[in-house]
Amino acid sequence: MDTLDTAIINSLQGGFPLSHAPYAEVAAQLGIDETTLLTRLQALLDARVLTRFGPMYQVERMGGAFVLAAMQVPEERYDEVTAQVNAFAEVAHNYRREHRLNMWFVLATATPEGIGAAVQAIEAATGLPVYPFPKEREYFVEMKLQVRA
């Protein structure tokens, strides 16, 4: 990463312009052209410096649902089960934890009923129980990371 990559990452954390040409606006603020910005952004994604770039949606406002879910996965099956779970389009943010419930992930579906179906499908695929933890309260925590060159 160089200083331009650092500036790109820092500028794309919040306040993304809602306009006809948002990337052109961000590029102009950085003193580069839109093609350079998009090429650099793709290179950061390809190198896995960034693992995702995109909007965050309020899925419930669109009629969908999401839950935090956990599983107790035997150590000798962890990689196998990870691959099985991650193969589901409804799964995001799968993390390993040092706890009896050692796999935690988010399930997001287009309808509230889809959560139960996804849980059942994952249980059928893995042979292990899935423990869904529905949201009881919502908090807004904005996190921005300052990257230094």
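Structure's up top.
What counts and how
- Residues numbered from 1 in each chain as written.
- Predicted model: local features only at pLDDT ≥ 70, side-chain atom pairs only at ≥ 80, totals over all residues.
- Heavy atoms only, no water.
- Phe/Tyr/Trp six-rings, centres within 6.5 Å; stacked < 30°, edge-to-face > 60°.
- Helix = DSSP H or I, 4+ residues; strand = E, 2+ residues; numbered from the N terminus.
- Buried < 20%, exposed > 50% of the residue type's maximum accessible area, 1.4 Å probe, protein only.
- Pairing = 2+ DSSP bridges.
- Axes fitted to C-alpha atoms, helices over the stretch in contact; angles between N-to-C directions.
- Contact = heavy atoms within 4.5 Å.
- Expected span 1.5 Å × (residues − 1).
- Arc of directions from axis to C-beta.
- Polar contact = N/O pair within 3.5 Å; in protein donor to acceptor, adjacent residues only side chain to side chain.
- 1 Å grid on protein atoms, 1.4 Å probe; cavity = no way out; pocket = protein on both sides within 12 Å on 5 of 7 lines; lining within 4 Å.
- Points joined across faces, edges and corners; volume = space filled by probe spheres on them.
- Nonpolar A, V, L, I, M, F, W, Y, C, P; charged D, E, K, R; others polar.

**Here we look at the packing of aromatic side chains**
What describes a pair of aromatic rings is the distance from one ring centre to the other and the angle between the planes of the rings.
Thought 1: Within this structure, the stated rule accounts for 4 aromatic pairs.
Thought 2: Ring centres of Tyr 23 and Phe 53 lie 6.5 Å apart, and the angle between their planes is 55°; on these two criteria the pair is classed as tilted. Of this pair, Tyr 23 sits in helix H2 (residues 22–30) while Phe 53 sits in the loop between helix H3 (34–46) and strand E1 (65–71), placing them 30 residues apart in sequence.
Thought 3: Residue classification places Tyr 23 among the partly exposed residues on the basis of a relative accessible area of 25%.
Thought 4: A centroid spacing of 5.4 Å and a plane angle of 20° characterise the contact between Trp 104 and Phe 133, whose relative ring orientation is stacked. A residue pair is termed long-range when its members are at least 10 positions apart, and Trp 104 in strand E3 (residues 103–109) and Phe 133 in strand E4 (residues 131–134) qualify at 29 residues.

**What about the sheet that holds strand E2 (residues 91–96)?**
Thought 1: With antiparallel pairing, the 4 strands of this open sheet are ordered in space as E2-E3-E1-E4. On the outer flanks of this sheet lie E2 and E4, each paired with one strand and no other. Across the sheet, the axes of successive neighbouring strands diverge by a mean angle of 25°, strand direction being ignored.
Thought 2: Relative to E4, E1 is paired through 4 bridges, and the arrangement is antiparallel. Bridging from a neighbouring strand, Leu 68 pairs with Phe 133 of E4.
Thought 3: Relative to E3, helix H5 (residues 113–126) is tilted by about 135°, and along the sheet it contacts E1, E2, E3 and E4.

**Section: the environment of Glu 80**
Thought 1: Positionally, Glu 80 belongs in helix H4 (residues 78–86).
Thought 2: Remark: the alpha-carbon pair of Glu 80 and Thr 126, spanning 46 residues in sequence, is separated by 8.7 Å.

**A short note on H3**
Thought 1: With 13 residues, H3 extends 18 Å from end C-alpha to end C-alpha; this agrees with the ideal 18 Å at 1.5 Å per step.
Thought 2: Of the positions making up H3, those classed as buried are Leu 37, Leu 41 and Leu 44. When H3 is viewed along its axis, its buried side chains cluster within an angular range of 60° and face the same direction. Structural note: H3 exposes Thr 35, Thr 39 and Asp 46 on the side pointing more than 90 degrees away from its buried face.
Thought 3: Residues of H3 that are buried in the fold lie against helix H1 (3–11) and H2.
Thought 4: Where H3 starts, the residue carrying a side-chain oxygen 3.0 Å from the main-chain nitrogen of Thr 35 turns out to be Asp 33.
Thought 5: Positioned one or two residues after H3, Arg 48 has a phi angle of 65°, which is positive.

**Focus on unusual backbone geometry**
Thought 1: Of note in the backbone geometry, Arg 48 takes a positive phi value of approximately 65° without being a glycine.
Thought 2: Residue position: Arg 48 is located in the loop between H3 and E1.
Thought 3: Even without being glycine, His 93 reaches a positive phi, approximately 55°.
Thought 4: Residue placement: His 93 occurs in strand E2.
Thought 5: With relative accessibility at 45%, the residue His 93 sits in the partly exposed group.

**A closer look at the layout of surface pockets**
Thought 1: One number sums up the size of the largest pocket: a volume of about 2,400 Å³.
Thought 2: Forming the walls of the largest pocket are 42 residues, and the residues nearest its centre are Arg 52, Gly 54, Pro 55, Met 56 and His 93.
Thought 3: At the level of elements, H1, E1, E2, E3 and E4 are the ones that each hand at least two residues to the lining of the largest pocket.
Thought 4: The residue inventory of the lining of the largest pocket, partitioned by class, reads 28 nonpolar, 7 polar and 7 charged.

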